[in-house]
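Okay, here's what each chain looks like letter by letter:
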Amino acid sequence: MLRISLTGPESTGKTTLAAQLAAHYGTSFAPEFAREYLADSGPHYTLEDLEEIARGQLQAEATAEAHAHRLVFSDTDLLVIKIWAEHSFGICPEWILRRIDQQQYDLVLLMGVDLPWQPDPLREHPHLRQQFYDLYLRELRERMSNFAEISGDAARRFAQARFLVDELLGSAAPSTLLKEPSMPNTSAQYTLESPSCRATFAAHGAELTSLVTVADNLEYVWPGDPAVWARHAPVLFPLVGRLPDDLYHYQGRDYKLPQHGFARDQEFTVLRHDATELAFRLQHDETTQTIFPFAFELTITYTLRDTQLTVRWDVRNPAADQPLLFSIGGHPAVRCPLLPGEVFEDYYFEFDHPVTLERHLLQGGLLTGATAPVLNEEQELPLSYDLFADDALVFKHYDFTSLTLRSRKSAHFVRFRFDGFPYLGLWTKGPGAGFVCVEPWHGIASPTGEPGELRDKEGILTLQPGEVFSAAFSIEVG
């Protein structure tokens, strides 16, 4: 499903164009929920009202997607709520900011202010449209690359938008036209290639198993030595970390769920596969529901561009009347050292700016509640096996968005970008292990103590029926 949002200031033709595009492509669009919500009260609202509008907009998008074909359009998005809230109240609720970071649109159309203002009882700022447009433009430039400015009269806007959407469809074809996913194959391996890199994946666990630079045939992914650690880059779902006694409570029953969930040991189907993009899917079945009593649909999409691999997760709740409670995380392992003649201690992590960090300590895979300092306004973290003597380094609500593994003896690097993830783990198996993991998480291990209610677990995400959660991170090598 390709998601396209129309955003921008008031009275710029978003609704008209969204309806035109949906009709042209034979699909659905999410209307602007604010108009329905404010129909009776007019432009009189509180910050709490804007939060309700944001929730309603998310539900409208989920409903539209459930009835869409290949494409779904959204008339406005949460970026509108953010700019609206900050202008009216000087603040935007934190959960809205997180959802904006989590939402992934394949294309955003920013509507220009060169259309005449159309008076409307719900519109407030006819003289501030250019000021608001500049805010939208700045936000989009910071948040994503795949957006376009739409201007001109209605006919020109429709033509511009069709051209951009057709380009988007063309870049996805023919793989998005597959009507049925392929059957799973436990031995299946799939490859993506760019002029600079080759990536290989297994249907088992939808796992990245290899990432090689073509020029020097250098492998960056840990090969999964069973004598040390048999995995490469498992996907953690529907749980990140460990539960006390591996147990949780839900609706009066106890369930047993292993550390990091079960997706990493499941066979995924292939939705689409072309030279640069590969999408896997896993859905609930009778077996998963014995330990995880929820309906779910997990889609994992890998995209290779030059030397950068992007990993995107889309989790959908297909249930009619039950929420979906889950966590999700990455666990990619990078070879360290990368070259002969190097050792683990030659490597260090470089942050995108000087940081002050404290780690949250683990005991038996569970959080103890204690912390320990790691860095104080420093930009580099030297690696040593002693650093991981007390298990993984776990960080919460940090302020950096990229992390680069570098060597003091060569120019090779691996850069991770993970904007919007509230938790991060760094880990290696122990002395002599030739890898290090960088793990962006939406979820975290439980604290020590007795098993508890799943809904109360830190980091648990909740999706209402029809809602979709999306998140992405990237790995760049060179």
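Up top you'll find the structure we're talking about.
All of these numbers come straight from a predicted model, not from anything done at the bench. Here, residues in each chain are numbered from 1, in the same order as that chain's written sequence. Confidence filtering applies because this is a predicted model: local features only for residues at pLDDT of at least 70, side-chain atom pairs given and counted only at 80 or more, and all residues used for totals across whole chains, interfaces and linings. Side-chain descriptors were evaluated using all non-hydrogen atoms of the structure, hydrogens and water having been removed beforehand.

Draft legend 1. Geometry of the sheet that holds strand E8 (residues 207-213). Ordered in space as E6-E7-E8-E9, the 4 strands form an open sheet in which the pairing is antiparallel. Each of the sheet's edge strands pairs with one partner strand only, and the pair in question is strand E6 (189-193) and strand E9 (218-219). In short, DSSP must find at least two bridges between two strands for them to pair. Put simply, DSSP marks the helices as runs of H or I at least four residues long and the strands as runs of E at least two long, and each gets a number from the N terminus on. The pairing of E6 with strand E7 (residues 197-202) spans 5 bridges and is classified as antiparallel. In the strand pairing of E7, Glu193 is matched with Arg198.

Draft legend 2. Examining the pattern of salt bridges more closely. Salt bridges are counted wherever a side-chain nitrogen of Lys or Arg sits within 4 Å of a carboxyl oxygen of Asp or Glu. This model, assessed by the stated rule, comprises 21 salt bridges. Overlapping salt bridges bring together Arg3, Glu65, Asp106, Arg312 and Asp314 as one network.

Draft legend 3. Highlighting unusual backbone geometry. Cis geometry is found at the peptide bond from Phe237 to Pro238, where omega equals 0°. One can find Pro238 in the loop between strand E10 (235-236) and strand E11 (247-250). A cis geometry characterises the amide bond from Cys336 onward to Pro337, with omega recorded as 15°. Its identity as a non-glycine residue notwithstanding, Asp306 has a phi of 55°, on the positive side. Relative to the helices and strands, Asp306 resides in the loop between strand E15 (297-305) and strand E16 (308-316). Note on exposure labels: buried denotes an accessible area under 20% of the residue type's maximum, exposed denotes more than 50%, and partly exposed covers the range between, all computed with a 1.4 Å probe on protein chains only. The class for Asp306 is partly exposed, based on a relative accessible area of 44%.

Draft legend 4. Region of interest: the sheet that holds strand E20 (residues 347-363). Read across the sheet, 9 strands follow the order E13-E14-E15-E16-E28-E24-E23-E20-E21 without closing on themselves; strand pairing throughout is antiparallel. Taken across any chain shown, the strands that pair with only one partner, and hence form the sheet edges, are strand E13 (269-273) and strand E21 (366-382). Averaged over all pairs of adjacent strands, the angle between strand axes in this sheet comes to 25°, irrespective of strand direction. Orientation is described by axes fitted as lines to C-alpha atoms, over the contacting stretch for helices, and by angles from 0 to 180 degrees between their N-to-C directions.

Draft legend 5. Quick look at the pairing of E20. Of the strand pairs in this sheet, E20 and strand E23 (residues 402-407) are connected by 5 bridges, and their pairing is antiparallel. Counterpart to Tyr347 in the pairing with E23 is Ser407. In the sheet, E20 pairs with E21 via 10 bridges, with the strands oriented antiparallel. Bridging from a neighbouring strand, Leu357 pairs with Leu375 of E21. Between the antiparallel neighbours E20 and E21 lie 2 residues, among them Gly364 with a positive phi of about 60°.

Draft legend 6. View of the side chain of Asp314. Along the chain, Asp314 falls in strand E16. Nitrogen and oxygen atoms within 3.5 Å of one another constitute a polar contact, given that in protein one can donate a hydrogen and the other can accept it, and given that sequence-neighbouring residues count only through two side-chain atoms. Side-chain polar atoms of Asp314 contact the side chain of Arg312, separated by 2.9 Å. A polar side-chain atom of Asp314 sits 2.4 Å from a polar atom in the side chain of Ser470. Two residues form a contact once any of their heavy atoms are found within 4.5 Å. Ignoring any residue separated from it by four or fewer positions in sequence, one finds Asp314 in contact with Arg3, Glu297, Leu298, Thr299, Val468, Phe469 and Ser470.

Draft legend 7. Representation of the state of the cysteines in the model. Any two cysteine sulfur atoms within 2.5 Å of one another count as a disulfide. Scanning all chains against the criterion turns up 0 disulfides. No disulfide involves Cys437; its sulfur sits 11 Å from the nearest other cysteine sulfur, which is in Cys336.

Draft legend 8. Quick peek at the pairing of strand E14 (residues 277-283). With 5 of 7 residues buried, E14 lies mostly within the body of the structure. In this structure, E13 lies alongside E14, joined through 4 bridges in antiparallel fashion. Across the sheet, residue Thr269 finds its bridge partner in E14, namely Arg281. With antiparallel pairing between neighbouring strands as the criterion, E13 and E14 make up a hairpin whose turn holds 3 residues. With 7 bridges joining them, E14 and E15 adopt antiparallel strand pairing. Across the sheet, residue Gln283 finds its bridge partner in E15, namely Glu297.

Draft legend 9. Structural detail: a negative patch on the surface. To count toward a patch, a residue needs a relative accessible area over 30% and no salt bridge; like charges are then connected within 9 Å, while nonpolar side chains (Val, Leu, Ile, Met, Phe, Trp, Tyr) are connected within 5 Å. Accessible surface area values rest on a Shrake-Rupley calculation with a 1.4 Å probe, where residue burial reflects the displayed protein chains alone. Under the convention used here, Asp and Glu are negative, Lys and Arg are positive, and both His and the chain ends fall outside the count. Every charge is mapped to an atom, namely NZ of Lys, CZ of Arg, CG of Asp or CD of Glu. A contiguous patch of negative charge on the surface is contributed by Asp352, Glu377, Glu378 and Asp399. Within the secondary structure, Asp352 is located in strand E20.

Draft legend 10. Just the nonpolar core, in detail. What makes a nonpolar core is a set of buried Ala, Val, Leu, Ile, Met, Phe, Trp, Tyr and Cys residues whose side-chain atoms join them at distances within 4.5 Å. Counting 82 residues, the largest nonpolar core has Phe280, Phe326, Leu383, Phe418 and Leu426 as the members making the most contacts within it. The next biggest cluster of nonpolar side chains, apart from the first, holds 21 residues, and it includes Leu2, Leu109, Ile150 and Val165.

Draft legend 11. Structural context of the packing of helix H3 (residues 47-66) against helix H4 (residues 78-89). Where H3 contacts H4, the axes come no closer than 10 Å and their chain directions differ by 175°. Put simply, H3 runs roughly antiparallel to H4. Facing Leu47, Leu50, Ile53, Ala54 and Leu58 of H3, the residues of H4 in contact are Leu78, Ile81, Trp84, Ala85 and Phe89. Looking at the contact of H3 with H4 residue by residue, the class counts come to 10 nonpolar, no polar and no charged. Angle categories: roughly parallel below 35 degrees, roughly antiparallel above 145, roughly perpendicular from 65 to 115, and oblique for all the rest. Classification used: nonpolar for Ala, Val, Leu, Ile, Met, Phe, Trp, Tyr, Cys and Pro, charged for Asp, Glu, Lys and Arg, polar for all others including Gly.

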